[in-house]
Protein chains: 4
Amino acid sequence: MIRGDFRSDNVAGVSAEIMAALAAANTGTMASYGKDEISAAVNARFSAVFGRQAIVFPVSTGTAANALSLAACLRPYGAVYCQEEAHIETSEGGAVVAFSGGGTLMPLRGDGHRLDPEELRASLAGAPRGNPMKPQPDVVTVTQAAEHGVVYRLETLRRIGEVAREAGILFHMDGARFANALATLDCTAAEMTEGVDILSFGATKNGAMNTEAIVVFRPDLVEPLAFRLRRAGQTWSKMRFAATQLLAYVEDDLYLRLARAANGLARRLVRGLCAIPGVALMAEVEANIVFVVLPPDLIDRLSAEGFLFNRRTFDTIRLVCRFDGQREEVDALVQAVARLLDRRIQAA
Amino acid sequence: MIRGDFRSDNVAGVSAEIMAALAAANTGTMASYGKDEISAAVNARFSAVFGRQAIVFPVSTGTAANALSLAACLRPYGAVYCQEEAHIETSEGGAVVAFSGGGTLMPLRGDGHRLDPEELRASLAGAPRGNPMKPQPDVVTVTQAAEHGVVYRLETLRRIGEVAREAGILFHMDGARFANALATLDCTAAEMTEGVDILSFGATKNGAMNTEAIVVFRPDLVEPLAFRLRRAGQTWSKMRFAATQLLAYVEDDLYLRLARAANGLARRLVRGLCAIPGVALMAEVEANIVFVVLPPDLIDRLSAEGFLFNRRTFDTIRLVCRFDGQREEVDALVQAVARLLDRRIQAA
Amino acid sequence: MIRGDFRSDNVAGVSAEIMAALAAANTGTMASYGKDEISAAVNARFSAVFGRQAIVFPVSTGTAANALSLAACLRPYGAVYCQEEAHIETSEGGAVVAFSGGGTLMPLRGDGHRLDPEELRASLAGAPRGNPMKPQPDVVTVTQAAEHGVVYRLETLRRIGEVAREAGILFHMDGARFANALATLDCTAAEMTEGVDILSFGATKNGAMNTEAIVVFRPDLVEPLAFRLRRAGQTWSKMRFAATQLLAYVEDDLYLRLARAANGLARRLVRGLCAIPGVALMAEVEANIVFVVLPPDLIDRLSAEGFLFNRRTFDTIRLVCRFDGQREEVDALVQAVARLLDRRIQAA
Amino acid sequence: MIRGDFRSDNVAGVSAEIMAALAAANTGTMASYGKDEISAAVNARFSAVFGRQAIVFPVSTGTAANALSLAACLRPYGAVYCQEEAHIETSEGGAVVAFSGGGTLMPLRGDGHRLDPEELRASLAGAPRGNPMKPQPDVVTVTQAAEHGVVYRLETLRRIGEVAREAGILFHMDGARFANALATLDCTAAEMTEGVDILSFGATKNGAMNTEAIVVFRPDLVEPLAFRLRRAGQTWSKMRFAATQLLAYVEDDLYLRLARAANGLARRLVRGLCAIPGVALMAEVEANIVFVVLPPDLIDRLSAEGFLFNRRTFDTIRLVCRFDGQREEVDALVQAVARLLDRRIQAA
């Protein structure tokens with residue numbers, strides 16, 4: 001029996017509002033490839049969300065969003081600067097390199113989970129510009145929230161944007177968990193994307209069914225992106241069913257409400273775990289992801305008791321809270337950890 | 001007011017059965033990236049449909065299905081033989097070339113709409129094998145039903161498969177309208193894909209929401225395809241919502257029922273139009289697509305009266321019938337053509 | 001015994017002047033990768049030849065020159081307009097497509113051997129600009145002299161340049177036999193390249209050992225080209241030995257003298273052949289290439305008698321005259337054809 | 001005035017024997033693209049050198065040799081394991097990635113300059129085989145001699161070959177300075193390439209004019225390589241002038257004699273420098289490259305006095321000895337270092 005599912009936010013279902021929107025969109029015929037009336041509303045709606053002109057391209061996955069938006073920023077001999085834990089570096093099968101025709105990823109250490117603006121500045125300052133033996137700086141990317149669940153502060157994002165602008169490169173944000181970060185910072189989407197040129201805007205992990213969006217803030221990126229999307233097979237014929245998900249997702253701040261639910265469960269989980277002696281967190285918990293260090297045999301025991309999660313090393317697990325997660329799951333996990341640790345101590 | 005919508009089958013909505021399946025799949029958590037229990041059922045279900053072992057990869061568009069399945073068949077210096085009207089040649093933005101790292105399309109004339117096995121044989125016999133200045137034969141593709149709505153006979157497919165096998169190349173089928181062709185031939189899916197190595201299996205045009213499938217019949221194509229899909233951003237995290245569409249699509253032969261509805265409307269349209277003196281069809285109508293030659297001003301008039309269709313040249317229009325099309329649309333169009341032509345004759 | 005070698009101009013050796021230049025360059029140490037003093041002289045020397053600023057990149061082959069200069073002009077979804085007999089279309093193994101990351105060749109018929117400016121204009125006017133399903137016009141290329149040995153007139157080149165400029169695309173010239181065309185037109189290199197943005201400047205066929213040059217007339221093409229050359233492995237370490245060939249090649253118009261020798265032999269060959277009843281030329285002879293239609297058995301006989309040439313079809317051969325060709329070869333061939341034809345007539 | 005040139009071995013000229021061979025090859029006409037009689041002798045000659053069947057492809061640069069031979073070994077989603085200082089990783093402009101359509105370089109630390117077989121074994125054992133998010137092991141490459149001038153022992157090469165074979169991946173050797181390593185090991189070329197599947201065989205740095213060779217020991221790599229070479233523009237038309245360089249290069253062990261000269265100068269340089277108190281070498285000197293740590297102002301002074309070399313950091317220089325280097329250069333440099341250091345000590 002499954003007592004709690006913390007494997008990922010993408011094991012979640014679809015929010016009721018988005019299911020309703022899909023049903024509502026299934027009325028009559030509509031023009032294909034994004035020329036329908038639902039798709040027509042997306043740019044204006046997202047421009048309002050982001051406080052400036054935004055051109056939106058729905059795509060099927062986060063890998064597609066990242067790889068194609070970055071490919072539109074990269075010369076074939078260009079480089080994308082990223083933090084070394086970035087999903088594009090670790091988990092996307094070389095998609096950026098493939099779609100850019102040979103671009104290069106330049107991983108930086110940062111604070112372990114987030115880029116450091118000064119390290120980026122130094123790295124760009126030392127970049128071998130004009131040297132054909134070496135990749136040329138074209139774009140920097142940040143993941144907001146980052147892989148380990150920490151969140152960039154606005155001030156850090158502002159400085160990264162400045163460094164990028166001074167270096168003459170573009171600024172991309174991988175927002176696979178954009179809403180979770182935004183809920184944490186409690187600012188506007190406009191504030192969190194100031195200086196950003198192009199954004200992978202996540203929706204699937206946080207309640208959508210099967211669409212993400214590339215949000216373009218620079219008109220000169222629209223054409224190179226649109227052509228790459230088409231040849232990548234990322235232009236849906238029945239685009240209305242992607243557009244309606246995106247509209248419903250931001251309507252009445254649904255995305256924030258869903259993200260707050262997930263983040264709230266993560267905070268509850270952290271509070272519970274931190275109250276147990278002997279439990280250590282691997283990183284701050286600022287969104288919906290919790291990395292916990294536990295005795296290996298206790299991890300095995302948790303699995304055996306019906307808790308699902310992602311084991312990263314022998315003694316570290318990743319717990320992800322979902323928009324549709326239940327307090328009961330969280331509490332059950334906390335109690336199980338407490339009980340198992342207590343038993344260990346008594347046994348010792 | 002729209003009196004009839006014949007622009008394409010992708011202006012249609014989603015069939016009720018597939019909407020119901022999507023709702024039913026939205027229950028609880030499930031493993032991501034295709035490791036869920038719904039996805040687990042797809043291979044067995046499709047193997048039953050095709051009468052042999054089939055490995056199925058859901059993808060978001062027909063362009064993705066074609067380009068990635070062909071890329072898995074092609075060496076970078078390989079060639080895909082196709083009929084010159086093939087969608088991969090005319091309308092997919094160079095996707096095959098891009099995903100294969102530089103493959104070449106070799107368009108053949110055939111009968112104008114379909115490949116001719118003997119022309120293919122001759123072309124392959126004359127291929128400059130081993131000459132590094134020239135592309136090397138790797139795969140042949142047929143579109144079933146073909147772009148102009150005609151359908152390959154089983155015998156022709158069998159001969160193309162033979163030619164491919166003798167030449168040592170692979171056989172791909174672009175089945176964007178697979179069900180429409182199958183309904184026409186009134187045979188089994190197994191019979192229509194005998195000798196086919198890899199299939200782009202269309203679903204979106206015929207009632208699905210936003211998924212197609214690549215169906216692989218050769219195990220050695222699975223690995224090169226799976227890796228290309230991932231780096232192409234074609235591996236959905238919430239895969240269950242693609243899998244459930246595909247399962248519902250073939251359940252109780254839904255796909256055939258939907259296709260028969262569309263084909264039936266096309267036959268009704270043809271019967272109606274052919275009864276009008278002065279109306280000429282550009283190709284046989286064997287699926288759900290009708291090409292009609294009409295006086296240019298009459299075409300303008302039809303538009304003005306609220307009929308939607310695709311104008312191909314000044315005097316030729318393409319009419320596509322949908323699974324969710326209405327007899328009233330068809331009859332209204334036939335009557336309008338009859339009336340307008342009649343008025344012309346009296347005016348003359 | 002070989003009585004005459006007309007297979008190609010690349011079966012020739014190296015001109016004495018270029019051998020001497022290579023020997024002279026072999027003195028002491030020099031900086032590598034083109035930072036040496038010999039390479040330093042090339043840009044100025046070629047700028048003088050072309051009457052405007054020229055930046056020169058030596059490369060190892062004509063395929064490299066064409067594919068990399070065109071790749072620098074092409075977006076990945078861009079198209080290069082060419083005549084259908086162009087070497088890039090027929091004989092370079094897909095190099096343009098590969099180096100451009102998926103660009104498209106758009107072959108036009110022209111007059112059978114040369115692009116027609118009006119056909120080009122019409123084709124560009126009908127180009128589906130902004131349609132992501134279709135390749136986008138980026139560059140037009142002409143081959144001067146063309147594959148069949150005919151030469152573009154200045155007026156035609158001027159009009160092609162105009163069409164390109166009006167369409168906002170670049171103008172590339174494949175000058176694998178640049179000198180042969182220039183010798184024929186008896187104009188300056190500046191006149192023959194007016195309006196050209198980037199040039200594949202051939203040298204190997206006409207007396208160099210193993211270098212061609214890309215000559216860039218637009219500064220904005222320098223960077224994208226330089227980076228592509230390096231990653232293509234086209235940047236020689238001992239660049240001086242390429243540079244010295246190029247300098248010697250244009251010194252005192254050596255390239256023109258060598259081309260005049262080859263062209264002169266071709267004219268002599270044509271005069272001889274045309275004086276024989278029953279001999280037909282397939283195209284005008286304006287450079288050093290002669291296409292002759294002859295009875296198949298007579299072609300076999302010529303081979304058997306020790307003449308080397310390229311047989312294109314059962315009754316057509318290509319004869320190429322070399323800078324180091326001999327009058328004796330030409331005369332022997334003419335006499336053999338005359339004798340063999342005469343024998344046939346008497347036998348008949 | 002230049003008193004010594006230690007910038008690189010590619011600032012050298014061409015050996016007299018190779019110049020003579022080029023002159024000798026310049027006789028009469030010969031078939032192009034490697035079908036000439038000189039090229040015909042290369043495979044047999046190299047097979048004798050390597051003690052097994054070798055198929056040889058001349059190419060214009062070391063980057064071309066590495067990138068194209070590795071591309072022939074790589075799936076687009078494949079990985080090449082290399083030591084982190086490898087030239088393909090640091091200095092070839094992304095050539096491997098570009099030619100392989102998106103392959104990945106996996107740099108390992110090794111002993112700082114050379115791969116460590118056990119680290120390689122561990123890394124391969126942990127490779128995420130079958131995981132489409134991650135690059136898949138295809139080939140390992142060693143640089144012999146390595147970038148810092150150290151040489152792999154036969155035993156280490158043997159073990160790397162074993163690890164590769166066990167892991168089912170290919171073994172590539174970057175032999176840009178093959179002869180220098182071979183001269184040091186004093187073994188046969190066969191012994192030094194036991195287990196190697198494909199070799200970048202350097203010639204230019206060690207006395208050739210402008211050719212390197214890819215030597216293929218596995219017949220199944222010939223076709224994928226040959227096609228890639230052609231489309232990369234690496235198939236010379238007048239191939240005889242590459243082939244003759246390669247033949248002369250190995251004739252009577254010329255390559256070993258030239259390498260011994262360069263290595264001997266390097267040993268002389270090391271002996272001289274090590275006799276000076278306060279001079280430190282950064283790595284062992286086993287070929288013709290010497291890395292020396294010196295006070296920064298002394299390095300400036302050496303430059304000012306007319307010594308040419310490559311400064312790697314503020315206090316480290318690279319000195320490369322050439323096949324055509326002079327004892328006087330070496331001795332002058334040693335004396336200058338001694339004098340300048342002595343002056344510093346007295347000033348202190």
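Analysis parameters
- The numbers attached to residues start from 1 for each chain and follow its sequence in the written order.
- Numbering of ligands from 1 and lettering of chains from A proceed in the order in which they are written.
- Only residues with pLDDT of at least 70 are given local features in this predicted model, and only at 80 or more are side-chain atom pairs given and counted; all residues enter the totals for whole chains, interfaces and linings.
- Under the scheme used here, helices are H or I runs from DSSP no shorter than 4 residues and strands are E runs no shorter than 2 residues, and both carry numbers assigned from the N terminus.
- C-alpha atoms define the radius of gyration in this analysis, and the globule rule sets the expected value at 2.2 Å times the number of residues to the power 0.38.
- Partly exposed residues are those whose C-beta has more than 12 but fewer than 20 other C-beta atoms within 10 Å; with 20 or more the residue is buried, with 12 or fewer it is exposed, and the C-beta atoms are placed from the backbone.
- Whether two residues are in contact depends on their C-beta atoms, placed from the backbone: they are in contact if these lie within 7 Å.
- Geometry is summarised by axes, namely lines fitted to C-alpha atoms with helices restricted to the contacting stretch, and by angles between N-to-C directions that run from 0 to 180 degrees.
- Between 65 and 115 degrees an angle is taken as roughly perpendicular, under 35 as roughly parallel, over 145 as roughly antiparallel, and anywhere else as oblique.
- Crossing handedness is defined as follows: a turn of the near helix away from the far one that is anticlockwise and smaller than a right angle gives a left-handed crossing, while the clockwise case is right-handed.
- Each residue is assigned to one of three groups, with Ala, Val, Leu, Ile, Met, Phe, Trp, Tyr, Cys and Pro labelled nonpolar, Asp, Glu, Lys and Arg labelled charged, and all others, Gly among them, labelled polar.
- We place the copies in one frame by least squares, fitting the C-alpha atoms of every residue whose pLDDT is at least 70 in both.
- DSSP calls a pair of strands paired once it identifies at least 2 bridges connecting them.
- A set of buried residues drawn from Ala, Val, Leu, Ile, Met, Phe, Trp, Tyr and Cys, joined through C-beta atoms within 7 Å, is what defines a nonpolar core.
- For the domain bounds, the source is a domain assignment made automatically or taken from a database.
- Residue-level confidence of the predictor is summarised by pLDDT, bounded by 0 at the bottom and 100 at the top.
- Helix span, expected: 1.5 Å multiplied by one less than the number of residues in the helix.

(A) Spatial organisation of the overall build of chain A. Of the regular secondary structure elements, chain A holds 14 helices and 13 strands. Whereas a compact globule of 348 residues would reach a radius of gyration of roughly 20 Å, chain A reaches 21 Å, a difference of no more than 12%. Dimensions of chain A, computed from the C-alpha atoms along their principal axes, are close to 65 × 55 × 35 Å. Per-residue burial for chain A yields a buried fraction of 60% across its 348 residues. Summarising the internal contacts of chain A: among those between residues at least 6 apart in sequence, 77% fall at separations of at least 24.

(B) Focus on the packing of helix 4 (residues 62-73) of chain D against helix 11 (residues 222-231) of chain D. All names here are of chain D. For the pair helix 4 and helix 11, the least separation of the axes is 9 Å and the interaxial angle reads 135°. The angle between the axes of helix 4 and helix 11 places the two elements in the oblique class. Helix 4 and helix 11 meet at a crossing whose hand is right-handed. Together, Leu68, Ser69, Ala71 and Ala72 of helix 4 and Pro224, Leu225, Arg228 and Leu229 of helix 11 make up the contact between the two elements. Considering only residue class, the contact of helix 4 with helix 11 consists of six nonpolar, one polar and one charged.

(C) Local environment of the interface of chain A and chain B. Opposite the 42 residues of chain A that make contact, chain B presents 42 residues. Here the side of chain A that touches chain B is built from residues that sort into 18 nonpolar, 19 polar and five charged.

(D) The arrangement of the relation of the copies chain A and chain B in detail. You can overlay chain A on chain B at an RMSD of 0.0 Å; the transform is a turn of 180° with a shift of 0.0 Å along its axis. Here the copies are linked by what is in effect a two-fold axis. Most of the interface of chain A is mirrored in chain B, where 100% of its interface residues are also at the interface.

(E) Representation of the pairing of strand 8 (residues 212-216) of chain B within the structure. Residue and element names in this part refer to chain B. Taking burial as the measure, the five residues of strand 8 include five buried ones, the bulk of the element. Side chains Glu212, Ile214 and Val216 of strand 8 all project onto a buried face; the interleaved residues Ala213 and Val215 project onto the opposite face, where all are buried too. In terms of strand pairing, strand 2 (residues 55-59) meets strand 8 through five bridges, oriented antiparallel. From the neighbouring strand, valine 56 faces strand 8, where its bridge partner is valine 215. Pairing between strand 7 (residues 198-201) and strand 8: four bridges, direction antiparallel.

(F) Broad picture of the environment of arginine 177 of chain A. All names here are of chain A. Secondary-structure assignment places arginine 177 in the loop between strand 6 (170-175) and helix 8 (178-185). C-beta crowding within 10 Å serves as the criterion here: with 29 such atoms nearby, arginine 177 is assigned to the buried category. Along the backbone, arginine 177 and glycine 4 are 173 residues apart, and their C-alpha atoms lie at a distance of 21 Å. Dropping the residues within four chain positions of it, arginine 177 is found in contact with Ala145, Gly202, Lys205, Ala287 and Asn288.

(G) Region of the structure containing the relation of the copies chain C and chain A. Least-squares fitting of chain C to chain A yields an RMSD of 0.0 Å, with the superposition described by an axial translation of 0.0 Å and a rotation of 180°. Of the residues that chain C buries at the interface, 100% are likewise interface residues in chain A, meaning the two copies contact each other through the same surface.

(H) Structural detail: the nonpolar core. The biggest cluster of nonpolar side chains holds 488 residues, and the ones touching the most others in it are Leu68 of chain A, Leu68 of chain B, Leu68 of chain C together with Leu68 of chain D. Once residues lying within four places of it in the same chain are set aside, the contact partners of leucine 68 of chain D are Val59, Phe99, Ile214, Leu225, Arg228, Leu229, Ala232 and Gln234 of chain D.

(I) Main features of the interface of chain C and chain A. Taken together, the contacts link nine residues of chain C with nine residues of chain A. Broken down by class, the residue content of the side of chain C that touches chain A amounts to six nonpolar, one polar and two charged.

(J) Structural detail: the sheet that holds strand 9 (residues 280-281) of chain B. All names here are of chain B. Pairing within the open sheet is antiparallel, and its four strands lie in the order 9-10-13-12. Edge strands, defined here as strands with exactly one partner in the open sheet, are strand 9 and strand 12 (310-313). Bridge analysis of strand 9 against strand 10 (residues 289-293) gives two bridges, and the strand direction is antiparallel. For leucine 281, the partnering residue across the bridge sits in strand 10 and is valine 292. Its contacts with the sheet place helix 12 (residues 254-274) against strand 9, strand 10 and strand 13 (316-320), and it is angled at close to 20° to strand 10.

(K) Representation of the environment of leucine 294 of chain B within the structure. All names here are of chain B. Assignment of secondary structure puts leucine 294 in the loop between strand 10 and helix 13 (296-304). Among the residues examined, leucine 294 registers 22 C-beta atoms within 10 Å and is labelled buried. Once you skip the residues sitting within four places of it in the chain, leucine 294 turns out to touch Val279, Ile299, Asp315 and Ile317.

(L) Seen up close, helix 8 of chain A. With seven of eight residues buried, helix 8 of chain A lies mostly within the body of the structure. Those residues of helix 8 of chain A that sit buried are Phe178, Ala179, Asn180, Ala181, Leu182, Ala183 and Thr184 of chain A.

(M) The arrangement of the sheet that holds strand 7 of chain B in detail. Residue and element names in this part refer to chain B. Reading across from one edge, 2-8-7-6-5-3-4 is the order of the seven strands in this open sheet, with mixed pairing throughout. Where the open sheet ends on each side, the last strands, each with one partner, are strand 2 and strand 4 (104-108). When strand polarity is set aside, the average angle formed by the axes of neighbouring strands in this sheet is 20°. Against the sheet, helix 6 (residues 117-125) contacts strand 3 (78-83), strand 4 and strand 5 (136-143), and its axis sits at roughly 135° relative to strand 4. Here helix 7 (residues 154-167) sits on the sheet in contact with strand 5 and strand 6 (170-175), set at roughly 170° to strand 5.

(N) Region of the structure containing the domain arrangement of chain A. Residues and elements named next belong to chain A. When its domains are assigned, chain A resolves into domain 1 (4-10 + 258-347) and domain 2 (15-254). A separation of 29 Å is found between the C-alpha centroids of domain 1 and domain 2. Contacts between domain 1 and domain 2 engage 17 residues on the former and 19 residues on the latter. Mapped onto the side of domain 1 that touches domain 2, the elements with two or more residues apiece are helix 12 (254-274) and strand 10 (289-293). In terms of residue class, the side of domain 1 that touches domain 2 is built from 10 nonpolar, three polar and four charged.

(O) Structural detail: the environment of alanine 283 of chain B. Residue and element names in this part refer to chain B. Structurally, the position occupied by alanine 283 is in the loop between strand 9 and strand 10. Residue alanine 283 is classed as partly exposed on the basis of its 17 C-beta neighbours within 10 Å. Expressed as a C-alpha distance, the spacing of alanine 283 and glycine 112, which sit 171 residues apart in the sequence, is 9.5 Å. Sequence-distant contacts of alanine 283, defined by excluding residues within four places in its chain, comprise His113, His148, Gly149, Val150 and Phe291.

(P) Seen up close, unusual backbone geometry. The step from glutamine 144 of chain B to alanine 145 of chain B runs through a cis peptide bond, and the omega angle for that step is -5°. Tracing the backbone through its elements, the reader meets alanine 145 of chain B in the loop between strand 5 and helix 7. The phi dihedral of aspartate 186 of chain C falls on the positive side, at around 55°, and the residue is not glycine. Looking at where aspartate 186 of chain C falls in the secondary structure, it is placed in the loop between helix 8 (178-185) and helix 9 (189-192).

(Q) A look at the pairing of strand 13 (residues 316-320) of chain C. Residue and element names in this part refer to chain C. Inspection of the sheet shows strand 10 (residues 289-293) paired to strand 13 by five bridges, in the antiparallel sense. Across the sheet, residue valine 293 finds its bridge partner in strand 13, namely threonine 316. In terms of strand pairing, strand 12 (residues 310-313) meets strand 13 through three bridges, oriented antiparallel. Along strand 13, the bridge assignment pairs asparagine 310 with arginine 318. Hairpin connection between strand 12 and strand 13: a loop of two residues separates the two successive antiparallel strands.

(R) Inspection of the confidence of the model for chain A at higher detail. For chain A, per-residue confidence averages 97 on the pLDDT scale, and 100% of positions sit at 70 or higher. Quick note on the complex model: pTM equals 0.96, ipTM equals 0.97.

(S) A look at the packing of helix 2 (residues 37-50) of chain A against helix 11 (residues 240-250) of chain A. Residue and element names in this part refer to chain A. Closest axis-to-axis distance for the helix 2/helix 11 pair is 9 Å, and the angle between their directions is 30°. Here helix 2 is positioned roughly parallel relative to helix 11, judged by the angle of their axes. Between helix 2 and helix 11 lies a crossing of left-handed hand. Contacts between helix 2 and helix 11 involve Ile38, Ser39, Ala41, Val42, Arg45 and Val49 from the first element and Arg240, Ala243, Thr244, Leu246, Leu247 and Val250 from the second. Broken down by class, the residue content of the contact of helix 2 with helix 11 amounts to eight nonpolar, two polar and two charged.

(T) Just helix 7 (residues 154-167) of chain C, in detail. For helix 7 of chain C, built from 14 residues, the straight-helix expectation of 20 Å at 1.5 Å per residue is met to within 8% by its first-to-last C-alpha distance of 20 Å. At its buried positions, helix 7 of chain C is contacted by helix 6 (117-125), strand 5 (136-143), strand 6 (170-175) and helix 9 of chain C.

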